[in-house]
Amino acid sequence: MTQETISKALMQQLLKIGSSLSSEKDIDQILENILQAAIKITNADAGTLYRVTDEMFLKFEILHTKSKGVHLGGKSGNPISIPPLPLFKEDGSPDLARVVCYAHHKEETVNIADAYNVEGFDFSGTHKFDAANNYRSVSFLTIPMKNHESEIIGVLQLINASDPHSGEVIPFSSESQEIVEALSSQAAVALTNRLLINRLEELFEGFIGIINDAIDDKSPYTGGHCSRAPELTVMLADAVNNTKGGPLKDFTMTEGDRHELKIAGLLHDCGKITTPVHIVDKATKLEAIFDRIALIDLKAQIVLRDIDLAIENGQLDQNTAEKQKAQLLEDLAFLQKTNIGGEFMSNADVDRVSEIAQRHTWKNSAGELVPFLTADEIKNLTIRAGTLTEEDRQIINHHIEVTIKILEKLPWPKHLKNVPEYAGGHHERMDGKGYPKGLTRDQMSVQARCMAIADVFEALTASDRPYKKGKKLSESLEILGKMKLGAHIDPDLFDVFIWEKVYEKYAEKYLPAEQIDEIDVSKIPGYNPPPENHQLKHQLLHSRKFAMS
């Protein structure tokens, strides 16, 4: 084989390596590719790759010696216990005695033919290593890795080049040096680019965290939801990805798809940053900036005072006055209880609120006799379920429109382009009666439908809301099953949620022991037994309580 042929083959190999470096996303794999390629090109026996730390040390990333079968760091799974090398001495001057430190400081390649016959460098540590391991480190090629900004980000060191025919240790040739220098330059740029991308992704996720922290700081009752719902979404999507039976058996999700869904989950409620906190945290029906039940209590005290004044002025006899006081106090207790809110308010209770409003009157600041309750107080106190009026709900529901508007304005990269769709669909229904777009099941991705189920189930079981207690697991699954039958949530995803016991995994991690009760899946509304070829053995009766760690 001629020298020209060898050079051409090496150049082709270098181009191939450069291409692989630019496409690789795993930092450890990039480092492995760099070192292994350099060892192969130079026919070296050993090599070490160092990275420069922010503290100005050279950290051992990978250490490989073929003849000794040693492979540490990188993708090997074997940690390197050797401490990092300081680039500067204790007095602050640069360390130029160690060859790797010299290459970094001088920004130049060092090619040493024989480490046992060289001046100017301290190889005492190498000699001790050789003696302890029956090895002889002779030829060295040490190359600083400089990126496109002329910054040294690492050092590549190769040891003991060998003749491909005799196997004899030889010096590194000038041609090998040039090729590895070119490889080192390509590798530094690829590594820098990947580190930059990783840091930008970390910055972006940190920014998402800040948004959720802001929502959490504004309302401690939504902060837990912002972290739990995304995790439950990914749990369900993973379960669908793993299932081998049913209509969704062909659904697959790569690690990139999983990351995209995670980002969407973390951002699914970012619009709540604009929702007024007094509505988000509305623990009682009359709560606004403060709980207005206090105003009703104050009006009651005014009425009681007026009754006493009427007795003193001879305008009211004692017996009638006591009856009026008793009725007022009874009505006040009823209003205080009604103000708390609940699952259902009967027609009789709704009518009683209106009767109370007219039964008692009080004098306002203008001296006018007015009904005991204002129209707005009546409207809030007669909320049938929960604590929100229709106007309150519209304000809260608006958060999803804000979320979509925010997310659709962002210039998403290709691998995150579905984030707005995934995040924006968690309040849609399978029958098209959801909001804000009224999408049907067929108009939504599996991931968006996963988020819709996770959002509901987290809300049902959440124990940190000001207006309700967290429901027990059995009750939450019963409600979820009814929502399946009512075309509110995806029926196929609900089946996987039950088959793969996603609810159990979530409960074990997030629910307190008192919420976790016995589950008989056959009694869950809408329960559909898994197909025979389902990958998990299915137990019809899940009669144990989950063990809580």
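Structure: see above.
Residues numbered from 1 in each chain as written. Predicted model: local features only at pLDDT ≥ 70, side-chain atom pairs only at ≥ 80, totals over all residues. Heavy atoms only, no water.

### So, helix α7 (residues 255-267)
With 13 residues, α7 should reach 18 Å at 1.5 Å per residue; the first-to-last C-alpha distance of 19 Å fits that figure. Those residues of α7 not exposed but buried are E260, L261, I263, A264, G265, L266 and L267. (Helix = DSSP H or I, 4+ residues; strand = E, 2+ residues; numbered from the N terminus. Expected span 1.5 Å × (residues − 1). Buried < 20%, exposed > 50% of the residue type's maximum accessible area, 1.4 Å probe, protein only.)

### Quick word on the packing of helix α2 (residues 27-42) against helix α5 (residues 174-218)
Put simply, α2 and α5 touch, their axes get as near as 10 Å, and they point 175 degrees apart. In this view, α2 runs roughly antiparallel relative to α5, as classed from their interaxial angle. Seen from α2, the contacting residues are I27, I30, L31, I34, A37, A38, I41 and T42; seen from α5, they are S176, I179, V180, L183, A187, A190, L191, R194, L195 and N198. A per-class count over the contact of α2 with α5 returns 14 nonpolar, three polar and one charged. (Axes fitted to C-alpha atoms, helices over the stretch in contact; angles between N-to-C directions. Parallel < 35°, antiparallel > 145°, perpendicular 65-115°, else oblique. Contact = heavy atoms within 4.5 Å. Nonpolar A, V, L, I, M, F, W, Y, C, P; charged D, E, K, R; others polar.)

### Here's the deal with the pairing of strand β2 (residues 57-65)
The element β2 is extensively covered by neighbouring structure, given that seven of its nine residues are classed as buried. Pairing of strand β1 (residues 44-52) with β2, which is carried by seven bridges, proceeds in the antiparallel orientation. Residue pairing across strands places V52 opposite L58, the latter belonging to β2. Between β1 and β2, which pair antiparallel and follow one another directly, the connecting turn spans four residues, one of which, M56, has a positive phi of 65 degrees. Relative to strand β4 (residues 85-86), β2 is paired through two bridges, and the arrangement is antiparallel. (Pairing = 2+ DSSP bridges.)

### Some thoughts on the pattern of salt bridges
Taken as a whole, this structure holds 28 salt bridges when the rule is applied. Across the pair R359 and E355 runs a salt bridge, and its minimum N-O distance is 3.8 Å. One end of the pair is R359 and the other is E355, both in helix α11 (residues 347-359) and four residues apart, which spans about a single turn. Of the residues examined, R359 reaches a relative accessible area of 38% and is grouped as partly exposed. Linking R441 and D490 is a salt bridge whose minimum nitrogen-to-oxygen distance equals 2.5 Å. With R441 in the loop between α14 (419-424) and α15 (446-461) and D490 in the loop between α16 (473-485) and α17 (491-499), this pair connects stretches of sequence that are 49 residues apart. A residue is classified by how much of its surface remains accessible, and D490, at 0% relative accessible area, is buried. Among the ionic contacts, a cluster of salt bridges with common partners joins E330, D331, R352, E355 and R359. (Salt bridge = Lys/Arg side-chain N within 4 Å of Asp/Glu carboxyl O.)

### A look at the packing of aromatic side chains
Across all of its chains, the model carries eight aromatic pairs by this definition. Aromatic side chains F457 and Y506 sit 6.0 Å apart centroid to centroid with 70 degrees between the ring planes, which places their arrangement in the edge-to-face category. Here the residue F457 occupies a position in helix α15, and Y506 occupies one in helix α18 (residues 502-510), the gap between them amounting to 49 residues. By the burial criterion, F457 is buried, and Y506 matches it. On the accessibility criterion, Y506 (1% relative accessible area) is buried. A network of ring pairs unites the aromatic residues F457, F497, Y503, Y506 and Y510 as a single cluster. The ring of Y116 has R136 sitting right over it, with the charged end atom 3.8 Å from the ring centre. (Phe/Tyr/Trp six-rings, centres within 6.5 Å; stacked < 30°, edge-to-face > 60°. Lys NZ or Arg CZ within 6 Å of the ring centre and 35° of its normal.)

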